[in-house]
Amino acid sequence: MTSNGGSARLLVRDLAQLVTPAGRGAPLRGADLGRVDVVEDAFLLCDDGVVARTGRMRELDRVEGDTVEIDGRGLCAIPGLVDCHTHACFAGDRVDEFALRASGASYEELHAHGGGIMSTVRATRAASEEELLDIVGRHREWMLRAGTTTFEGKSGYGLDLDTELASLRAVRAAGGVATWLGAHAVPPEFDDADSYLDFALADVLPHAAEVAEAADVFVERGAFDVMEARRYLEACRGAGLALRLHGDQFTEQGAVELAVDLGARSIDHLEATGENGVRSLAASDVTGVLLPASALFLGRPMPPARALVDGGAAVALATDFNPGSAFCESLPLVCSLAATQLELSPAEALGACTVNAAHVLGRADRVGRLEPGYAADVVLLDAPDWRYLAYHLGADVVAGTIVRGVAGELR
Ligand code: NIG
Ligand code: FE
């Protein structure tokens, strides 16, 4: 496949299957999450960056004018994947820590001894803005190769004015949706969470709110408690940001109740969420973002995905791509984990990292579906059946992507 950079129209013909979530609206819940429309022997026509038509090959009329054609034989088209939770802006790595964890050290111990998040904060503060731009651009390429055509990226490894803003700008420059994770950890130059928040809310928030679309906080022992999180989130909401939380990753601290009370967009992780948390999330408009690659990477329990979906909660899937708890940018792998570890069907997994993830990012009206009027963001799977997305564990299942109607190289 060659790039159609110059042409406004793109036709993918003879696809084995074209698949899109079937349920209407967003977020998809309950049985609606598991419904997909599958068209066999299909075509996809994109015009000016949006989907113009889809259907069966026999319904395809002659396409007039300057159109780039892609031979879709042996391929399946699904919507471009949406990664609604990444920490894509970080410098350095934590491979030494990874090796220590492999021989028994715990993530929480490393964190408590100044490793973990703070070691990435030191590396990220030492990087120039230009370096951060390069890094996020490289991470964006990794994500794209894995089929992610829309990504969110958090700050949170700066925790000072300059690095936080440079991180948010780097995410935006790479085409990502920026989230200010201003309350990720308390940096060592502050005595306690409250004095750090005094600074962050007075000095960083007014600028962060001009670049970011949402704010996020890590609610956990050793990070921020619910009182501190409430203070941070209420100020961020006042500045016009959507609200997100890292909650119930290791322990239940009341993050679900806080998320529901504040009308947050999402609460993410939920590995430690019990029955009451499942019930209150299910009765709310807050989306539970499940991060099974993070649970796997840290050897933690998986979140109660089946109970959430069966209870009627809105759930999304994301990678949590970051250097410490999930060095993984692959949503196809996350879909495999969803099917093998979370008891979600391939169809539920697809809906969770397309429509529902787009909903978390406030974009469900324009990305996440292969339907006329939606962004022509497409993953072409190298597979005879689209469910290979989850089935082909750890494989290079993405043959190529189309972003806003422009096709990349097919491998
Ligand atoms: O989502 N839990 C907090 N933040 C990240 C991990 C960050 C890190 O380890 O660098 C997470 O898992
Ligand atoms: Fe995270």
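Everything quoted here is computed from the prediction, not taken from an experiment.

*Asks:* Would you mind going over the coordination of the iron ion (ligand 2) with me for this structure?
*Replies:* Four donors placed tetrahedrally around a metal ideally meet at 109.5 degrees, and six donors placed octahedrally ideally meet at 90 or 180 degrees. Looking at the iron ion (ligand 2), the protein donor atoms are His85 (NE2), His87 (NE2), His246 (NE2) and Asp320 (OD), and they sit 2.0 to 2.2 Å from it. Linear spacing of the donor residues for the iron ion (ligand 2) on their chain is H-x1-H-x158-H-x73-D. In this pair, His87 is assigned in the loop between strand E6 (81–83) and helix H2 (95–102) and Asp320 in the loop between strand E13 (315–317) and helix H13 (331–341), connecting sequence segments 233 residues apart. Both residues of the pair, His87 and Asp320, belong to the buried class.

*Asks:* Is there a simple way to think about the sheet that holds E13 in this case?
*Replies:* In a beta sheet, neighbouring strands pair by backbone hydrogen bonds and run either parallel or antiparallel. Read across the open sheet, the eight strands follow the order E6-E7-E8-E9-E10-E11-E12-E13; overall the sheet is parallel. Each of the sheet's edge strands pairs with one partner strand only, and the pair in question is E6 and E13. The mean inter-strand angle of the sheet, taken between neighbouring strand axes irrespective of direction, is 25 degrees. In this sheet, strand E10 (residues 242–247) lies alongside strand E9 (residues 214–218) in parallel orientation, the contact comprising five bridges. Bridged to Val217 within E10 is Leu245.

*Asks:* What is the right way to read the pairing of strand E14 (residues 378–382) from this model?
*Replies:* In the case of a regular strand, side chains alternate between the two sheet surfaces. With four of five residues buried, E14 lies mostly within the body of the structure. Examined bridge by bridge, E14 and strand E15 (residues 398–403) share four bridges and lie antiparallel to one another. Its bridge partner being in E15, Leu380 is matched across the sheet by Gly400.

*Asks:* Would you mind going over the domain arrangement of the chain with me for this structure?
*Replies:* Taken domain by domain, the chain consists of domain 1 (9–79 + 368–407) and domain 2 (82–360). Relative to domain 2, the C-alpha centre of domain 1 lies at a distance of 29 Å. Each partner contributes residues to the interface: domain 1 has 32 residues there, and domain 2 has 29 residues. When domain 1 packs against domain 2, the two sides together hide about 2300 Å² of surface, and 71% of this comes from carbon and sulfur. On inspection of domain 1 and its partner domain 2, the count reaches one salt bridge. In this structure, the salt-bridge partner of Arg29 is Asp285, at a minimum N-O distance of 3.5 Å.

Cut-offs and rules
Residues numbered from 1 in each chain as written. Chains lettered and ligands numbered in written order. Predicted model: local features only at pLDDT ≥ 70, side-chain atom pairs only at ≥ 80, totals over all residues. Heavy atoms only, no water. Donors = N, O, S within 2.8 Å, 3.2 Å for Na, K, Ca; no water. Helix = DSSP H or I, 4+ residues; strand = E, 2+ residues; numbered from the N terminus. Buried < 20%, exposed > 50% of the residue type's maximum accessible area, 1.4 Å probe, protein only. Pairing = 2+ DSSP bridges. Axes fitted to C-alpha atoms, helices over the stretch in contact; angles between N-to-C directions. Domains from an automatic or database assignment. Contact = heavy atoms within 4.5 Å. Buried area = accessible area lost by both parts, 1.4 Å probe. Salt bridge = Lys/Arg side-chain N within 4 Å of Asp/Glu carboxyl O.

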